[in-house]
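# A structural walkthrough
The primary structure of each chain is shown beneath.
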Amino acid sequence: MTASSVEPLSIIGVGTDGRLLNRSTSLVSGSGAAAVETVATGDEALSRVSEADCLVTTYRLPDTDGVTLIEEVRAEYPQVPVVMVTEQSDDRVASEAISAGVTDYVRRDGDDPAAALATAIEDCVDAYESEQALRESEQRYRTLVERSHDGIYIYHDDSFLFVNERITEITGYEPEELYEMEIWDLVHPDDREWVKEVGARRRHPDQEAPNTYEAKVVRKDGETRHLEFSVQTTTYDGEAAVLGSVRDVTERRRQERELAETNEFIETILDTLEDVIFVFSLEGELMRWNDQLCAVTGYTDEELDEMRAFDLLPEEYYDEAVRKVRDAVASGSAVIEAEVQTKDGRRLPFEFRGAPLSDEDGEVDAIAGVARDISERLNREEELIQYQTIVEAVGDAVYTLDEQGEITFVNDALLSVTGYQEEELLGEFVGKVMRQQDVETARELIGELLESDERTRATFEMEAIDKDGRHIRCEDHVALLMSDGEFRGTAGVVRDISQRKAREQQLRRQNERLDRFASVVSHDLRNPLNVILGRVDLARDRPGEEHLDAIERSALRMERMIDDLLTLARDGQTVGETEPIDLESAVRRAWKNVETYEASLHLEDDLGTLPADDARLASLLENLFRNAVEHGGETVTVSVGPISDPESVADGGHAASGFYVEDDGPGIPDAERDNVFDSGYSTSDEGTGLGLVIVEDIAEAHDWTLRATDGSLGGARFEIGGIDWTDR
């Protein structure tokens, strides 16, 4: 132990004289070279001994004895130095301590027990550290040999004397099998003779033999492996032997072969690419290129070898090209679009992509790049601009979706229809602007198109949903977007068909009205006409006043039918402009325009003001009044009043949702209530059967509702609802 030790000794004393221990430790390689800790019991010493460089104990301890403590220490820490301090009369104890494994012992009755104890501590620790270092060194070398990635072996007279674990892994043989065979049996027959010759030359000092070489070996399972050998002479158990290490380079050789094949493949590929591949130095000298550069420019390899990279560019691109080279060096890549000037003076548009190349020191010394002819791309971009112009000018809403149904493009017309901004729709699922049932319909159509060998487009009706939640009737012309035979999404052209649907509905109603006209003309008008003709014949045979009365009644009925038909044709259309109409005034005017005989009119409460077409509202009221008089009798009482809205909370349920017209006549039989609005229905001989049809058409034209029910006095009651009152 020396005073130059980095760490002070840690000494634990148990049951020892503190003064003796302190004096001794102060003598260990100089004062301050040891840290002393004293404990009272064996248990304390045992718990701390793992942290100590040396344990000093006496025999007599409070909880045990020194020999027992030594045995316990040795059982758990066999290498830790233990010194026992004994009395002169303790020879038996000293003997037992030695048997228990004490490292050294010191008698208290010596000439200088402190010096003796210091010497014992120092010798014990030095021996422990030396042994520990030797053990660690041996372990390291053993681990190095046994766990080496390389196989380690020693042989003498063609037989193995030692092999490590890696040798067994490489050969597939167990150590016992290797020790029983000649080393040459492992060498592949193709290499066996020359490897044996190398071994023979090594046994003769006057002959030179390579220390490293490669050869093939055959594993136990028959597999051939490529190995790299490194050998030298040594001694083993006092005899000359050969020490060798071997490394499996099969994978490396395979990689080298593959690399060579890959390089050849790459060279071939580079020369067959349509793109130009090039490498030039930072000074601009062309260093490498593929055959395509010659094909594009018209220069030969010999001519290109004498040129600089910028010689292929028109002069106006020089400054930008220099900047891009600097960008590539600084950021790792750069892109530039420029023209290539060919040998015959043509200028071709190209896109250049470059990246830096570094030498073995990591310094950038060249630029590698790819140049691609972009003539076709520029033409496609020009076509795309034209298509985009057409799409924006077509007027219909246009969109595209990806395979998942997410929106990838919308034109201005679609934005105008939906009220969204472009950024609010791109990337969103199409369900944002389309009903779910329409999305499902579109999915089914797309599935059918994908399965079809002929169809690539289809049309279906749907409802678009704008930003405010309004639904818009549309027709969607959808087509598949295909690329290289793969489905890439869909494109759609959406057209607002609300007006067309309204026209179709109006046309249907007009056709229905024409059917009713035909029915009236063919049947209802024919009856009074037959009466007139019959009465004329009778009047010729038997003149009489009663025939003229019948003729007059029939003619008047025909006149009313004609008037009703004209009203039906005029009032069955959609209402355009409306104006605020005072309902009470309209009711009184309509009552005066009807032959009411002795019938009476009763108005309930304030009827308010409603938006309506004045002439059509008058026709509606007149027909309801005429219907009441015709079916309720000449003394019927007709009432008009507001309909309370039970859902209104602002005024306790007294808001008006419409108005009613009812009478105190016989009413409408339950069995016939569903037929009252049919053309020709009438229970009166004087009726035309068109009055309530006219009422229904005028109500629908105003977007009002019409319902027939029982009146409060048992008569007929007609309720007109859905009115947006101007003033109540």
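Up top is the structure these notes are about.
Every residue gets a number counted from 1 within its own chain, in the order that chain's sequence is written. Totals for whole chains, interfaces and linings use every residue, but because this is a predicted model, local features are given only for residues with pLDDT of at least 70 and side-chain atom pairs only at 80 or more, for both listing and counting. Side-chain metrics in this entry use all non-hydrogen atoms of the structure; hydrogen atoms and water are not considered.

Now for the overall build of the protein. Helix and strand counts for the protein come out as 22 helices and 27 strands. Residue burial is assigned from relative accessible area. The probe radius is 1.4 Å, only protein chains are included, and a residue is buried under 20% of its type maximum, exposed over 50%, and partly exposed in between. For the protein, buried positions account for 40% of its 728 residues. At a minimum sequence separation of 6, the contacts of the protein that also span at least 24 residues come to 52%. For the protein, the computed accessible surface area is about 41,300 Å², with 46% contributed by carbon and sulfur atoms. A helix here means a DSSP run of H or I that spans at least four residues, while a strand means a run of E at least two residues long, and both kinds are numbered starting from the N terminus. Contacts are assigned to residue pairs with any non-hydrogen atoms lying within 4.5 Å of each other. Note on areas: Shrake-Rupley with a 1.4 Å probe; residue coverage comes only from the protein chains shown.

To continue, consider a negative patch on the surface. Exposure above 30% relative accessible area and the absence of a salt bridge qualify a residue for a patch, where like charges join within 9 Å and nonpolar side chains (Val, Leu, Ile, Met, Phe, Trp, Tyr) within 5 Å. Basic side-chain nitrogens of Lys or Arg form a salt bridge, by our definition, when they fall within 4 Å of a carboxyl oxygen of Asp or Glu. Positive residues here are Lys and Arg, negative ones are Asp and Glu, while His and the chain termini are left out of the count. Charge placement uses NZ in Lys and CZ in Arg. For Asp and Glu, CG and CD serve respectively. On the surface, a cluster of negative charge is made up of Glu 283, Glu 285, Glu 360, Asp 361, Glu 363 and Asp 365. Secondary-structure assignment places Glu 283 in the loop between β11 (276-281) and β12 (286-289). You can call Glu 283 exposed: its relative accessible area is 53%.

Once the charged atoms of two side chains with opposite charge are near each other, the side chains can pair. Evaluation of the coordinates by the stated rule reveals 36 salt bridges. Taking the shortest distance from any N to any O, the salt bridge between Arg 252 and Glu 256 comes out at 4.0 Å. Placement of the pair is Arg 252 and Glu 256 together in helix α9 (residues 250-272), with a separation of four residues, close to one helical turn. Here Arg 252 falls in the partly exposed class, since its relative accessible area comes to 32%. As a salt-bridge pair, Lys 467 and Glu 424 come within 3.1 Å of each other at their nearest N and O atoms. One end of the pair, Lys 467, is in the loop between β18 (457-465) and β19 (471-483); the other, Glu 424, is in helix α15 (residues 422-425), with 43 residues separating them in the sequence. Look at Glu 424 and you get partly exposed, because its relative accessible area is 24%. Connected through shared salt-bridge partners, Glu 214, Glu 228, Arg 252, Arg 253 and Glu 256 make up one network.

A few words now on unusual backbone geometry. Unusually for a residue other than glycine, Tyr 597 sits at a positive phi of about 50°. Within the secondary structure layout, Tyr 597 lies in the loop between α20 (583-592) and β22 (600-603). Assessed through its relative accessible area of 48%, Tyr 597 is described here as partly exposed. Positive phi, normally seen in glycine, also occurs at Asp 703, with a value near 65°. By the secondary structure assignment, Asp 703 is in the loop between α22 (691-701) and β26 (705-710). For Asp 703, a relative accessible area of 65% gives the class exposed.

Every helix has an expected span of 1.5 Å times one less than the residues it contains. Look at helix α16 (residues 436-451): 23 Å from first C-alpha to last across 16 residues, which is about the 22 Å you get at 1.5 Å a residue. Taken together, the buried positions of α16 are Asp 438, Val 439, Ala 442, Leu 445, Ile 446 and Leu 449. The arc that holds the buried residues of α16, viewed along the axis, is 125°, so those residues lie on one side. Away from its buried face, by an angle of more than 90 degrees, α16 presents the exposed residues Glu 444 and Glu 451. Packing partners of the buried residues in α16 comprise β18, β19 and β20 (486-496). Taking the helix axis as origin, the arc is that swept by the directions to the C-beta atoms.

Tracing the sequence through the fold places Leu 69 in helix α3 (residues 66-76). Its relative accessible area of 0% is what places Leu 69 among the buried residues. Between the alpha carbons of Leu 69 and Thr 58 there is a distance of 9.8 Å; along the sequence they are 11 residues apart. Residues contacting Leu 69, with those up to four places away along its chain left out, are Val 14, Gly 42, Ala 45, Leu 46, Leu 55, Thr 57, Leu 61 and Thr 64.

As a further point, take the sheet that holds β11. By this definition, two strands are paired if DSSP reports at least two bridges between them. With antiparallel pairing, five strands are arranged side by side in an open sheet as β12-β11-β15-β14-β13. The two strands at the open ends of the sheet, each matched to only one other strand, are β12 and β13 (334-341). Each neighbouring strand pair of the sheet contributes to a mean axis angle of 30°, computed without reference to strand direction. With nine bridges joining them, strand β14 (residues 347-358) and strand β15 (residues 364-373) adopt antiparallel strand pairing. Considered in β15, the bridge of Arg 353 is made with Val 370. Geometry is summarised by axes, namely lines fitted to C-alpha atoms with helices restricted to the contacting stretch, and by angles between N-to-C directions that run from 0 to 180 degrees. Contacts from helix α12 (residues 318-331) reach β11, β13, β14 and β15 within the one sheet, and its direction differs from that of β13 by about 145°.

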